[in-house]
Amino acid sequence: QQKVQQSPESLIVPEGGMASLNCTSSDRNVDYFWWYRQHSGKSPKMLMSIFSNGEKEEGRFTVHLNKASLHTSLHIRDSQPSDSALYLCAAPASNTDKVVFGTGTRLQVLP
Amino acid sequence: DPKIIQKPKYLVAVTGSEKILICEQYLGHNAMYWYRQSAKKPLEFMFSYSYQKLMDNQTASSRFQPQSSKKNHLDLQITALKPDDSATYFCASSQEGQAYEQYFGPGTRLTVL
């Protein structure tokens, strides 16, 4: 069964710092990923998606995708306390309608 | 205005009872989903529906039954509740199918005593 692995499990960065989160799928057919953010007590909300190899930037957020290694990473520059949340990586499961979520990286940005 | 409504927000049930979780979406989406999230497990896919038809069922137990009376409704009936069923249940929807961004409802937090 496909797994989506995320690291680190938790991360603490100072305000203004850079946060780097990683995600890998065990399904060799995966060729795109989503990143979702879930604030405490709230529902997940999509942050970014990436469908092509390379890099995609939106404001302070940059996502990388390497399809060959089934790896994606999310980088948050100039981190803000409001970025503190659970970050979930997700990938489609092949031959099903299912989306598989990773266990998440809990980010804490200290003022 | 909330685009995905889930009712109730909180639910307490006794072991062995039956409950129905309500979900309505007003995004005009054709696909709807149910997920479960607990402290012990990551966000777990349960069901997907497209045009009111079941597309995928990843729930091993028949105690969980989705019900779609309208295109924008996908309720979840849970029978013979167990303490292990305690979790937050999220309904989600997308434009159509797996490749599209999913929008999540606020969730129903279920506690089974």
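These lines cover the structure that appears in this document, whether it is placed above or below.

Brief notes about the overall build of chain A
Point 1. The number of helices and strands found in chain A is zero helices and eleven strands.
Point 2. Counting from the amino terminus, chain A carries its helices and strands in the arrangement β-β-β-β-β-β-β-β-β-β-β.
Point 3. By the compact-globule yardstick of 13 Å for 111 residues, chain A fits well, its C-alpha radius of gyration being 13 Å.
Point 4. Its C-alpha atoms give chain A principal-axis dimensions of about 45 × 30 × 20 Å.
Point 5. Relative to its full complement of 111 residues, chain A shows a buried share of 50%.
Point 6. Sequence-distant contacts, at least 24 apart, represent 53% of the contacts inside chain A between residues at least 6 apart.
Point 7. Accessible surface, chain A: about 5,300 Å² in total, of which carbon and sulfur atoms supply 47%.
Point 8. One way to put it: in chain A the 11 positive side-chain charges average out to a point 5 Å from where the 10 negative ones average out.

A closer look at the sheet that holds strand E8 (residues 75-78) of chain B
All names here are of chain B.
Point 1. Strands sit in the order E1-E3-E8-E7 across an open sheet of four strands; the sheet is antiparallel. Each edge of the sheet is formed by a strand with only one pairing partner; in this case those strands are strand E1 (4-7) and strand E7 (64-67). Strand-to-strand twist in this sheet, taken as the mean axis angle between neighbours without regard to direction, amounts to 15 degrees.
Point 2. Of the strand pairs in this sheet, E1 and strand E3 (residues 19-25) are connected by four bridges, and their pairing is antiparallel. In the sheet register, Ile4 faces E3, and the bridge partner there is Gln25.

Digging into the state of the cysteines
All names here are of chain A.
Point 1. One pass over the full model with this rule turns up two disulfides over all chains.
Point 2. The disulfide bridge from Cys23 ends at Cys89, spanning 1.9 Å between sulfur atoms. Linking Cys23 and Cys89, the disulfide has an S-S dihedral of approximately -75 degrees and is accordingly described as left-handed. With a gap of 66 residues between them, Cys23 in strand E3 (residues 19-25) and Cys89 in strand E9 (residues 85-92) connect regions that are remote in the sequence.

A word on the packing of aromatic side chains
Residue and element names in this part refer to chain B.
Point 1. Under the criterion given, the structure shown has ten aromatic pairs over all chains.
Point 2. Aromatic pair Tyr35 and Phe45: ring centres 5.7 Å apart, planes at 85 degrees, arrangement edge-to-face. Residue Tyr35 is found in strand E4 (residues 31-37), and its partner Phe45 is found in strand E5 (residues 44-50); the two are separated by ten residues along the sequence. Phe45 matches Tyr35 in its accessibility class, with the two residues each being buried.
Point 3. Considering the side-chain rings of Tyr35 and Phe104, the 5.3 Å spacing of their centres and the 45 degrees angle between planes classify their relative orientation as tilted.

A short note on the nonpolar core
In globular proteins that are soluble, nonpolar side chains generally tend to be buried together.
All names here are of chain A.
Point 1. Ranked by size, the top nonpolar core spans 25 residues in total, and within it Phe33, Leu74, Tyr87 and Leu107 carry the most contacts.
Point 2. Every element with two or more residues in this core is listed here: strand E2 (10-14), E3, strand E4 (33-38), strand E5 (45-50), strand E7 (61-66), strand E8 (71-76), E9 and strand E11 (105-110).
Point 3. In terms of residue count, E9 provides more of this core than any other element does, four residues in total.
Point 4. Filtering out sequence-adjacent residues up to four positions away, Tyr87 remains in contact with Gln6, Leu21, Tyr36, Arg37, Leu47, Leu74, Ile76, Gly104, Thr105 and Leu107.

Thresholds, definitions, all that
Residues numbered from 1 in each chain as written. Chains lettered and ligands numbered in written order. Predicted model: local features only at pLDDT ≥ 70, side-chain atom pairs only at ≥ 80, totals over all residues. Heavy atoms only, no water. Helix = DSSP H or I, 4+ residues; strand = E, 2+ residues; numbered from the N terminus. Rg over C-alpha atoms; globule rule 2.2 N^0.38 Å. Buried < 20%, exposed > 50% of the residue type's maximum accessible area, 1.4 Å probe, protein only. Contact = heavy atoms within 4.5 Å. Areas by Shrake-Rupley, 256 points an atom, 1.4 Å probe, with all protein chains shown as cover. Lys, Arg positive; Asp, Glu negative; His and termini not counted. Charge placed at Lys NZ, Arg CZ, Asp CG, Glu CD. Pairing = 2+ DSSP bridges. Axes fitted to C-alpha atoms, helices over the stretch in contact; angles between N-to-C directions. Disulfide = S-S within 2.5 Å. Phe/Tyr/Trp six-rings, centres within 6.5 Å; stacked < 30°, edge-to-face > 60°. Core = buried A, V, L, I, M, F, W, Y, C linked by side-chain atoms within 4.5 Å.

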